[in-house]
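As a plain string of letters, each chain reads:
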Amino acid sequence: MHNKGPAPVRHDGTGLRIGIVHARWNDTIIDALLDGTKSKLLECGVAESNIVVQTVPGSWELPIAVQRLYSASQVQSSSSSGGGAAGDLLGSSTTDLASLPSSATASSTGPFDAIIAIGVLIKGETMHFEYISDSVSQGLMRVSLDTGVPVIFGVLTVLNDEQAQARAGLRPGSHNHGDDWGLAAVEMAVKRRAWA
Ligand code: DLZ
């Protein structure tokens, strides 16, 4: 059963630029979470061309990728030439670029207002899960506080595949946590602009 958080407040995402970095481990779950996240961003009015999606191998790589993606978007926005497309910031693979609409690769530039890190860590038989979960959550918090950009914690830390499915809306009646992450990104991005 979905443990209800606070009632989501919908904010206007018009004009926001949102980065998403997701791990490729447990890809079926990731795909569902990514769909939920993107659908809420779009519902809030974030333009598809302002959503940049990048991938990394696993959750362990999320903190460095989020940090570099944000730094590169800042450099890019301050350079007069405009530089390459935002989709190139992490040296995108063909798959990354293919997943973006052509308008995104052509026009999406400027610093991100929020970045969503998505990963699925499933506990195995060793201590691997504990080390990665702890490091990734601390790493993402550090990037957020060091850079001042809201980093949304979209990392599931679950005991098995069934739990992951239930948090990705893949079980009957279950809730997709990606929805919450999309809404949280828009809310935090809007608030960050107000706080600036
Ligand atoms: C190695 C590994 C394992 C065992 N499990 C997961 C997982 O459940 N979820 C995930 O996102 N990544 C996993 N990884 C990969 C690590 O995050 C990382 O990509 C590798 O250790 C290489 O640094």
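The paragraphs below set out a description of the structure included in this document. (Residues numbered from 1 in each chain as written. Predicted model: local features only at pLDDT ≥ 70, side-chain atom pairs only at ≥ 80, totals over all residues.)

## Comments concerning the packing of helix H2 (residues 62–78) against helix H5 (residues 128–147)
Direction vectors running N to C along H2 and H5 enclose 20°, while the axes themselves pass 8 Å from each other. In terms of their interaxial angle, H2 and H5 are classed as roughly parallel. H2 and H5 meet at a crossing whose hand is right-handed. Facing Leu62, Pro63, Val66, Gln67 and Tyr70 of H2, the residues of H5 in contact are Val136, Gly139, Leu140, Val143 and Thr147. Considering only residue class, the contact of H2 with H5 consists of seven nonpolar, three polar and no charged. (Axes fitted to C-alpha atoms, helices over the stretch in contact; angles between N-to-C directions. Helix = DSSP H or I, 4+ residues; strand = E, 2+ residues; numbered from the N terminus. Parallel < 35°, antiparallel > 145°, perpendicular 65-115°, else oblique. Left-handed = near helix turned anticlockwise from the far one by under 90°. Contact = placed C-beta atoms within 7 Å. Nonpolar A, V, L, I, M, F, W, Y, C, P; charged D, E, K, R; others polar.)

## A look at helix H1 (residues 27–43)
Taking 1.5 Å per residue, 17 residues should reach 24 Å; H1 reaches 24 Å between its end C-alpha atoms and fits that length. Residues Ile29, Ile30, Ala32, Leu33, Leu34, Gly36, Thr37, Lys38, Lys40 and Leu41 constitute the buried set of H1. Contacts from the buried residues of H1 go to strand S1 (18–23), strand S2 (51–56), strand S3 (114–122), strand S4 (151–158), helix H6 (161–166) and helix H7 (177–195). (Expected span 1.5 Å × (residues − 1). Buried ≥ 20, exposed ≤ 12 C-beta atoms within 10 Å, placed from the backbone.)

## Things to note about the sheet that holds S3
Read from one edge to the other, the open sheet built from four strands follows the order S2-S1-S3-S4, with strand pairing classed as parallel. The open sheet has two free edges, formed respectively by S2 and S4, since each of these has just one partner strand. Direction aside, the axes of adjacent strands within the sheet are offset by 15° on average. Looking at chain direction, S1 and S2 are connected through six bridges and run parallel. When the sheet's bridge partners are listed, His22 is paired in S2 with Thr55. (Pairing = 2+ DSSP bridges.)

## Here's the deal with the site of the ligand
In the vicinity of the ligand, 15 residues are found, and the nearest of them are Ala23, Trp25, Gly58, Ser59 and Trp60. For the shell around the ligand, the secondary structure elements donating two or more residues are S3 and H5. By residue number, the principal contributor to the shell around the ligand is S3, which donates four residues. Looking at the shell around the ligand residue by residue, the classes come out as eight nonpolar, six polar and one charged. (Near = placed C-beta within 6 Å.)

## Focus: unusual backbone geometry
Within the chain, Asn26 stands out as a residue other than glycine whose phi angle is a positive 60°. Relative to the helices and strands, Asn26 is located in the loop between S1 and H1.

## Let's talk about the pairing of S4
Summarising burial for S4: six of the eight residues are buried, a large majority. Sheet topology note: the S3/S4 ladder contains eight bridges and is parallel. Paired with Ile122 across the strands is Val158, a residue of S4. Regarding topology, H5 serves as the crossover connection from S3 to the parallel S4, and that connection is right-handed. (Right-handed = clockwise from strand over helix to strand, strands pointing away.)

## With respect to the nonpolar core
Ile18, Val66, Ala114, Ile115, Ile116, Ala117 and Ala185 are the most contacted members of the largest nonpolar core, which has 50 residues in total. Within the residue set of this core, elements represented by two or more residues are S1, H1, S2, H2, S3, H5, S4 and H7. Sort the elements by how many residues they give to this core and H7 lands first, with eight residues. Excluding residues within four positions of it along the chain, Ala185 makes contact with Ile18, Leu41, Ala114, Ile116, Pro150 and Ile152. (Core = buried A, V, L, I, M, F, W, Y, C linked by C-beta atoms within 7 Å.)

Geometric values such as these leave the question of function open.
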